[in-house]
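An overview of the molecular structure
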Amino acid sequence: MKKLLPTSIVGSLPKPAWLAPPEKLWSPWKLEDDQLIEGKQDALRISFQEQQLAGLDIICDGEQTRQHFVTTFIEHLSGVDFENRKIVKIRDRYDASVPVVVDEVARQKAVFVEDAKFLRKQTNKTIKWALPGPMTMVDTLYDDHYKSREKLAWEFAKTLNEEARELQEAGVDIIQFDEPAFNVFFDEVNDWGMATLERAIEGLNCETAVHICYGYGIKANNDWKKTLGSEWRQYEEIFPKIQKSRIDIVSLECHNSNVPLDLMELVRGKKVMVGAIDVATNTIETPKEVADTLRKALEFVDIENLYPSTNCGMAPLSRNVARGKLSALSAGAEVIRKEFAF
């Protein structure tokens, strides 16, 4: 019988200090050339082991082999200039120095496929791989060629689909698309954002997920959250469109958020990765706190469709804190399994 409440993280884990400066987002690598390749593989092994020791059921790479959850993929595409950057406002929240689209974008070769094969060799468990979603890619650079967010998103969707198909062939069981931009640009999501995401999953037989959160626990995101009021109802704008899509799994932020959990009714029937771990604090949740979040979610998600997870990635946290949170997630899920005698 398939295990109920399969646990997983959304994306990143902290990198070892010998690979990149700790407790920072998008830290520069400390190694170069062959040593960097070897170092990334060693970090991936550690990431796998820490998930395994914590008892997670779905294993990912912890984003150990990439610097940035979006631009690492874009680096491998033609038509993008990383040297002459421009400043843009990302997610309508904070300024960032980003690459520039100067010509037609195209995928020249596989980006993460060899890393996925390496992870597949480490375990027989279900493995998940994260890719940036088309809309979030568009929102993380400056377009000086297409002059249209929608046109660029369709081109990115094509490149993502090529990568996703090869990841599937490499043995990846779940491909997750990170779309934090879905929580900001509602009209675009409904006009073309969901359609471009469906293009990215075209022809896939593995399970697919979309991750939509309120961002890493950095100041710009935390400040934005303070402006959202007592109820965060952003999901209400986009869940109806997702409900009609071919996406299998929806990942959302729940623990220590002001998201009304009844919004999950809008995706009833989908599998839901319920964020039961807050990544914006160093406080390690207790198994009881995790179980409480999951118990509340079960009012709106059938137990066979509930996937306990983290709110977002944990790259900015210390490794000790991240380990504690992984263990709490597993222990909290086990509390609920015992309550339901599974």
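Before reading further, recall that the structure is shown in the block above.
Nothing here was measured: the structure is a model prediction, and the numbers come from that model.

This next bit is on the environment of Leu261. Mapped onto the elements, Leu261 comes out in the loop between strand E8 (249–253) and strand E9 (271–275). What makes Leu261 buried here is its relative accessible area of 17%. For the pair Leu261 and Val301, spaced 40 residues apart in sequence, the C-alpha to C-alpha distance is 9.8 Å. Residues within four places of Leu261 in sequence aside, it is in contact with Cys254, Lys296, Ala297 and Phe300.

For the rest of this paragraph, the subject is the packing of helix H9 (residues 287–297) against helix H10 (residues 319–339). If you want to describe how two helices pack, look at the angle between their axes and the distance between the axes. At a closest axis distance of 7 Å, the pairing of H9 and H10 adopts a crossing angle of 55°. One way to sum up the angle between H9 and H10 is to call them oblique. In this structure, the crossing between H9 and H10 has a hand that is right-handed. Only Ala328, Leu329, Ala331, Gly332, Ala333, Val335, Ile336 and Glu339 of H10 make contact with H9, whose side of the interface consists of Pro287, Val290, Ala291, Leu294 and Arg295. Along the lines of polarity and charge, the residues of the contact of H9 with H10 split into 10 nonpolar, 1 polar and 2 charged.

Throughout the structure, instances matching the rule amount to 6 aromatic pairs. One aromatic cluster in this structure is built from Tyr214, Trp224, Trp232, Tyr235 and Phe239. Sitting over the ring of Trp224, Arg93 keeps its end group 3.8 Å from the ring centre. It is Arg149 that lies over the ring of Phe185; its NZ or CZ is 4.8 Å from the centre.

Let us look at the nonpolar core. Ranked by internal contacts, the top residues of the largest apolar core, which has 103 residues, are Phe182, Ile242 and Met264. Listed in part, the 7 residues of the second largest apolar core include Ile174, Ala209, Ile249 and Tyr307.

The subject of this paragraph is the sheet that holds strand E5 (residues 142–143). One open sheet holds the 3 strands; their spatial order is E2-E3-E5, and the pairing between them is mixed. Strands with a single pairing partner mark the edges of an open sheet, and in this sheet they are strand E2 (77–90) and E5. Pairing of strand E3 (residues 94–107) with E5, which is carried by 2 bridges, proceeds in the parallel orientation. Pairing of Val100 across the sheet is with Tyr142, part of E5. This element, helix H5 (residues 149–169), spans E2, E3 and E5 of the sheet and lies at about 75° to E3.

Under the counting rule described, the total for this entry stands at 29 salt bridges. Among the salt bridges present, the one from Asp144 reaches Lys147, with a minimum N-O distance of 2.9 Å. Looking at Asp144, the relative accessible area reads 35%, which means it is partly exposed. A salt bridge links Lys271 to Glu207; its shortest N-O distance comes to 2.4 Å. With a gap of 64 residues between them, Lys271 in strand E9 and Glu207 in strand E7 (residues 207–212) connect regions that are remote in the sequence. Its relative accessible area of 18% is what places Lys271 among the buried residues. When salt bridges that share partners are traced, they join Lys3, Asp57, Glu334 and Arg337 into one network.

Each value, and the rule that gives it
Every chain is numbered independently, its residues counted from 1 as its sequence is written. This being a predicted model, a pLDDT of at least 70 is required before a residue's local features are given, and a value of 80 or more before pairs of side-chain atoms are given or counted; all residues contribute to the totals for chains, interfaces and linings. Computation of side-chain values: all heavy atoms of the structure, hydrogens and water removed. Secondary structure is summarised from DSSP: a helix means a run of H or I of at least four residues, a strand means a run of E of at least two, and numbering begins at the N terminus for each. Relative accessible area decides the class of each residue, using a 1.4 Å probe on protein chains only: under 20% of the type maximum gives buried, over 50% gives exposed, and in between gives partly exposed. Contacts are assigned to residue pairs that have any heavy atoms within 4.5 Å of one another. Angles here are taken between N-to-C directions and fall from 0 to 180 degrees, while the axes themselves are lines fitted to C-alpha atoms, restricted in helices to the stretch in contact. For classification purposes, angles smaller than 35 degrees are called roughly parallel, those larger than 145 roughly antiparallel, those between 65 and 115 roughly perpendicular, and all remaining angles oblique. Note on convention: the crossing is left-handed when the near helix lies turned anticlockwise from the far helix by less than a right angle, right-handed when the turn is clockwise. Throughout, the ten residues Ala, Val, Leu, Ile, Met, Phe, Trp, Tyr, Cys and Pro are labelled nonpolar, Asp, Glu, Lys and Arg are labelled charged, and all others, Gly among them, are labelled polar. Only Phe, Tyr and Trp rings are paired, with Trp represented by its six-membered ring, and only when their centres lie within 6.5 Å; those with planes under 30 degrees apart are stacked, over 60 edge-to-face, the remainder tilted. For a ring to carry a charge above it, either NZ of a lysine or CZ of an arginine must fall within 6 Å of the ring centroid while also lying within 35 degrees of the normal to the ring plane. To qualify as a nonpolar core, a set must consist of buried Ala, Val, Leu, Ile, Met, Phe, Trp, Tyr and Cys residues joined through side-chain atoms within 4.5 Å. Here, strands pair whenever DSSP counts at least two bridges between them. What counts as a salt bridge is simple: a side-chain nitrogen of Lys or Arg found within 4 Å of a carboxyl oxygen of Asp or Glu.

These figures capture arrangement, not role.
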